[in-house]
Amino acid sequence: MSAGMSGRRLMKELSKIQNDGLPPGIELVSSGESDADNSDWLLDIRVLDDNPLYKNQVYRLRFRFPKAYPIEPPEVTFENRPDRPIPMHPHVYSNGIICLDLLGSQGWSPVQSAQSVCMSIQSMLTSNNKNERPEGDEQFVKMNKSRPRDIQFLYDDNTV
């Protein structure tokens, strides 16, 4: 898989976003215009229902697309900014790393896109009613030196 194919796919996704727009609650902030290969995108997401955990909050997602995208999944994390906190969720670590099977090699499919990933994360937040971090968050954040794509999560909690 060449970087050229990844770049073409990203340009196709970007063109679709520019022509058709994004679903409600999702906004493209930056599509890596400064990168030669558009491999670093920022998107803002909001939860659209009345979930009190996320009401009136906007969250920033950073997408880093590998050269083998879409065969390999993008690396997606929440960014912590003064006006964009990292959401409280049992599958979101306080450093912004997201434990979601869709973002791992076993759950990823090349038919997914930045838009569909945002919608999945938006849905994950919408359905949550637990104001908590994953078990072991503090130690994980302190000890983890791996990139999110290199972490081998165990996906065993389908209740949130």
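As a starting point, this report considers the structure included with it. Treat the numbers as computed from the prediction; the structure is a model and nothing was measured.

A few words on the overall build of the protein chain. When helices and strands are counted, the protein chain shows 3 helices and 4 strands. Counting from the amino terminus, the protein chain carries its helices and strands in the arrangement α-β-β-β-β-α-α. Taken across its 160 residues, the protein chain has 48% of its residues classed as buried. Intrachain contacts of the protein chain at a sequence separation of at least 6 include 62% that bridge at least 24 residues. When the accessible surface of the protein chain is summed, it comes to about 8900 Å², and 47% of that surface belongs to carbon and sulfur atoms.

As a further point, take the nonpolar core. Counting 29 residues, the largest nonpolar core has Trp-41, Ile-45, Leu-61, Phe-63, Phe-78, Ile-98 and Ile-121 as its most contacted members. Listing elements by their share of this core, those giving two or more residues are α1 (3-20), β2 (40-45), β3 (59-64), β4 (75-79) and α2 (114-126). Ranked by residue count, the leading element in this core is α2, at 6 residues. Residues contacting Ile-121, with those up to four places away along its chain left out, are Ile-45, Leu-61, Val-76, Phe-78, Ile-98 and Leu-100.

A sheet is described by the order of its strands in space; here 4 strands give the open sequence β1-β2-β3-β4, paired in antiparallel fashion. Edge positions in the sheet fall to β1 (26-30) and β4, since each of these pairs with one other strand and no more. Mean inter-strand twist for the sheet, computed between neighbouring axes without regard to direction, equals 30°. Of the pairings in the sheet, the one linking β3 to β4 comprises 5 bridges and is antiparallel in character.

Attention shifts here to the pattern of salt bridges. Applying the stated criterion to the full structure yields 10 salt bridges. With a closest N to O distance of 3.4 Å, Lys-16 and Asp-20 form a salt bridge. One end of the pair, Lys-16, and the other, Asp-20, are both in helix α1, 4 residues apart, so they sit about a helical turn from each other. Classification of Asp-20 by relative accessible area gives exposed; the value is 56%.

Glancing now at the packing of aromatic side chains. All chains considered together, the criterion is met by 7 aromatic pairs. Where Tyr-59 meets Phe-78, the ring centres are 6.2 Å apart and the plane angle is 80°; that geometry is what we call edge-to-face. Separated by 19 residues along the polypeptide, Tyr-59 in strand β3 and Phe-78 in strand β4 bring together distant segments of the chain. In this structure Tyr-59 comes out as buried when scored by relative accessible area, which is 3%. For Phe-78, a relative accessible area of 2% gives the class buried. Both rings, one in Tyr-69 and one in Trp-108, keep their centres 6.1 Å apart while their planes meet at 45°; by these two values the pair is tilted.

Turning to the environment of Tyr-93, a few remarks are in order. By the secondary structure assignment, Tyr-93 is in the loop between β4 and α2. As for Tyr-93 and Pro-134, which are separated by 41 residues in sequence, their C-alpha atoms are 6.3 Å apart.

Quick look at the pairing of β4 now. Of all 5 residues in β4, 5 are buried, a share of seventy percent or more. Of the two faces of β4, the one holding Glu-75, Thr-77 and Glu-79 and the one holding Val-76 and Phe-78 are both buried throughout.

Time to look at unusual backbone geometry. A cis amide bond, omega 10°, links Tyr-69 with the succeeding residue Pro-70. Structurally, Pro-70 can be placed in the loop between β3 and β4.

Thresholds, definitions, all that
Residues numbered from 1 in each chain as written. Predicted model: local features only at pLDDT ≥ 70, side-chain atom pairs only at ≥ 80, totals over all residues. Heavy atoms only, no water. Helix = DSSP H or I, 4+ residues; strand = E, 2+ residues; numbered from the N terminus. Buried < 20%, exposed > 50% of the residue type's maximum accessible area, 1.4 Å probe, protein only. Contact = heavy atoms within 4.5 Å. Areas by Shrake-Rupley, 256 points an atom, 1.4 Å probe, with all protein chains shown as cover. Core = buried A, V, L, I, M, F, W, Y, C linked by side-chain atoms within 4.5 Å. Pairing = 2+ DSSP bridges. Axes fitted to C-alpha atoms, helices over the stretch in contact; angles between N-to-C directions. Salt bridge = Lys/Arg side-chain N within 4 Å of Asp/Glu carboxyl O. Phe/Tyr/Trp six-rings, centres within 6.5 Å; stacked < 30°, edge-to-face > 60°.

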